[in-house]
Number of protein chains: 2
Amino acid sequence: MTEKEIIERIRELFPQRAATVGIGDDAAVVGEQAITTDMLIEDVDFTRAVPVESIARKSLAVNLSDLAAMGAIPAYAVVALGIPQWLINSIDPFLRALAEFARQYDIDLVGGDLSRAEKLIIAITATGWVESRPLLRSGAHPGDRLYVSRPLGAAAGGLELLTRWKSIEPPSDLPYAQREFAVSAIRRLIEPEPEVKLGIALAGLTQITSCIDISDGLSTDLHHLCDASSAGAEIERQRIPVFPDLLGSGTALGIDARAAVLHGGEEYALLFTSAMRESELSTRLGRPVYAIGKMVSDKGVRIDGQPLEPGGFDHFAVK
Amino acid sequence: MTEKEIIERIRELFPQRAATVGIGDDAAVVGEQAITTDMLIEDVDFTRAVPVESIARKSLAVNLSDLAAMGAIPAYAVVALGIPQWLINSIDPFLRALAEFARQYDIDLVGGDLSRAEKLIIAITATGWVESRPLLRSGAHPGDRLYVSRPLGAAAGGLELLTRWKSIEPPSDLPYAQREFAVSAIRRLIEPEPEVKLGIALAGLTQITSCIDISDGLSTDLHHLCDASSAGAEIERQRIPVFPDLLGSGTALGIDARAAVLHGGEEYALLFTSAMRESELSTRLGRPVYAIGKMVSDKGVRIDGQPLEPGGFDHFAVK
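Residues numbered from 1 in each chain as written. Chains lettered and ligands numbered in written order. Predicted model: local features only at pLDDT ≥ 70, side-chain atom pairs only at ≥ 80, totals over all residues. Heavy atoms only, no water.

Asks: Explain the nonpolar core residue by residue, including any values.
Replies: In this structure, Phe94(B), Leu218(B), Leu271(B) and Phe272(B) are the most contacted members of the largest nonpolar core, which totals 105 residues. Here this core takes ten residues from helix H2 (residues 52-70) of chain B, the largest share from any one element. Among the nonpolar cores identified, the runner-up in size contains 104 residues, and Leu152(A), Leu174(A), Ala231(A) and Phe14(B) belong to it. (Core = buried A, V, L, I, M, F, W, Y, C linked by side-chain atoms within 4.5 Å. Buried < 20%, exposed > 50% of the residue type's maximum accessible area, 1.4 Å probe, protein only. Helix = DSSP H or I, 4+ residues; strand = E, 2+ residues; numbered from the N terminus.)

Asks: Give a description of the domain arrangement of chain A that names residues and reports values.
Replies: Residue and element names in this part refer to chain A. Taken as a whole, chain A is organised into domain 1 (3-129) and domain 2 (145-307). Taking only C-alpha atoms, the centre of domain 1 and the centre of domain 2 are 22 Å apart. Of the residues lining the interface, 21 residues belong to domain 1; the matching set on domain 2 comes to 21 residues. Surface buried jointly by domain 1 and domain 2 totals about 1,600 Å² across both partners, of which 61% is contributed by carbon and sulfur atoms. A per-residue breakdown of the area domain 1 buries against domain 2 is headed by Lys58, Ser65 and Ala68, which together make up 27% of the total. Where domain 1 touches domain 2, the interface holds three salt bridges. Residue Lys58 pairs with Glu266 through a salt bridge whose shortest N-O separation is 2.6 Å. At the surface where domain 1 touches domain 2, the tally comes to five residue pairs in polar contact (both at pLDDT 80 or more). Of all the secondary structure elements, the ones that give two or more residues to the side of domain 1 that touches domain 2 are helix H2 (52-70) and strand E3 (73-83). Per-class residue counts for the side of domain 1 that touches domain 2 are 13 nonpolar, three polar and five charged. (Domains from an automatic or database assignment. Contact = heavy atoms within 4.5 Å. Buried area = accessible area lost by both parts, 1.4 Å probe. Salt bridge = Lys/Arg side-chain N within 4 Å of Asp/Glu carboxyl O. Polar contact = N/O pair within 3.5 Å; in protein donor to acceptor, adjacent residues only side chain to side chain. Nonpolar A, V, L, I, M, F, W, Y, C, P; charged D, E, K, R; others polar.)

Asks: Lay out the sheet that holds strand E4 (residues 108-116) of chain A in plain terms, naming residues and giving numbers.
Replies: Residues and elements named next belong to chain A. Pairing in this open sheet of five strands is mixed, and the strands run E1-E2-E5-E3-E4 from one edge to the other. The open sheet has two edge strands, strand E1 (28-30) and E4, and neither has a second partner. Averaged over all adjacent pairs, the angle separating strand axes in this sheet is 20°, with direction ignored. With nine bridges connecting them, strand E2 (residues 33-41) and strand E5 (residues 121-129) associate as antiparallel partners. Of the residues in E5, the one forming a bridge with Thr37 is Thr125. (Pairing = 2+ DSSP bridges. Axes fitted to C-alpha atoms, helices over the stretch in contact; angles between N-to-C directions.)

Asks: Describe the relation of the copies chain A and chain B, listing the residues and the values that go with them.
Replies: For the match of chain A to chain B, the screw axis carries a shift of 0.0 Å, the RMSD comes to 0.0 Å, and the turn is 180°. When the rotation and shift are considered jointly, the pair of chain copies conforms to a two-fold rotation axis. Mapped onto chain B, 100% of the interface residues of chain A are again interface residues, and the two copies thus contact each other with one and the same surface. (Least-squares fit on C-alpha atoms with pLDDT ≥ 70 in both.)

As structure tokens, this is what we get:
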């Protein structure tokens, strides 16, 4: 059974009455509230090689990214923690990092649940206010330009290096440029930045037609957006912004840059659509955003004219 | 570090701005919304001896019990699932039981998160509407009567038997009465009933001064209520309603009935206070509730004149 099949079954079994946006977008929307939940599990989503401060921040960041993709303003959150023995001595820096990150994004942690566990588990549910309208995956029209919010590929590169080295510190004999790249890529992976401000700004522009965050990889999330919008997409490899030095030091370090950019998960950049031009939209937003192609009426996703299959991670796919 | 110490640290680190009720009650309250989260973990909160249908129901029931303790009307929930290989084949009965239980309590499941895990993890966040006012732990006054909503002791008895037998089926050679008792006690443990209707009714009566659900055991949760209300309590052993046949078949099966009633966790009965008499309150509610003692101004909890220390479960206490 694939993740998609399980989600389909869930959709059938759980009728949506209260929700204006239910199962299947980045967050649910009920009234003016967006609500989303994410769980990070030791040895599935992170290892003990990652500092507890980064784990704490990331556990909230992934939820904030879902709120960002809906254009919601962070409001409050609850956290359920499964705490293993090894964390007990580091519980204070863990909690302090979580508190600091929550303050930075102006979200209140109002409650939680603690229990013992063999491995660290963090399940956070975050809520946000939807002011004018939620950004949905489903509003893209043929002819709209397709945008990503920032250069891609670092998270997958960082994951590759962290898995190889089992440490966030690169080997000491690495050339300077590769070392610098490796540190940045690993940092992008372990401390992702949710695009909260951008999401709120996009929701305020009526010209933005759809939005999703790139958590499963550009190819997979672009398929999600196309499916939800009953449309297709054509993108150009040349136009996709690439994380600095991924093609240089990243390639030298043995990272498959093309795969990292197209299929790498955990980017938490926003992928969105609008008829507006890149220069006009970047000006309106006061920051660069990157047009990588356009929506078309033919279903499916094509890159430089060739089909692009979803290549991201599926938790349940049979290998 | 004990659970209480960790919670104290969390209270210090996370200032409550949005919440009118923040960390430390059964659920947080923001505006008219109560929100609560609970996580159940395989081999910590249940084992594979428990049917997946019961695990699904219980994972929602514990949250509904928190809403009940606040007097909130269930509204919607999100669920994060860590799914191990063994559940994949039983995902359908698991989801169907969850859907049926959600429908029964009129709560919408609006979103979630799926991931792979070694052990089954279910983290549910439930929200409810607070109509007139939330029921708090902190409102009890000296002189108020102390109530429990139903007979106690079955959950701890059931846990003892389930742990001993590693099966929800009693051994086939057990005498009839003991078998009947064992089945009921185990069922009370694995399929707890949240007191949602009662909680809503209590919130509607201005004479109810405080409320908490008994998840950590009567002794521990009574201490929580007394601490929050800056008061003490005196209860009488004779008056505490005991689960049917616990003193008979339960004792014959080797269950420490006194410990099960006073300290057993996972009851999910409500413990609450009011100046109203038992007969009057039961009439108003249209169902029996049980006065077990009264609130007093002297701090601490006494039973038949002797101190009663918190004897419930602490996830983090050093053994």
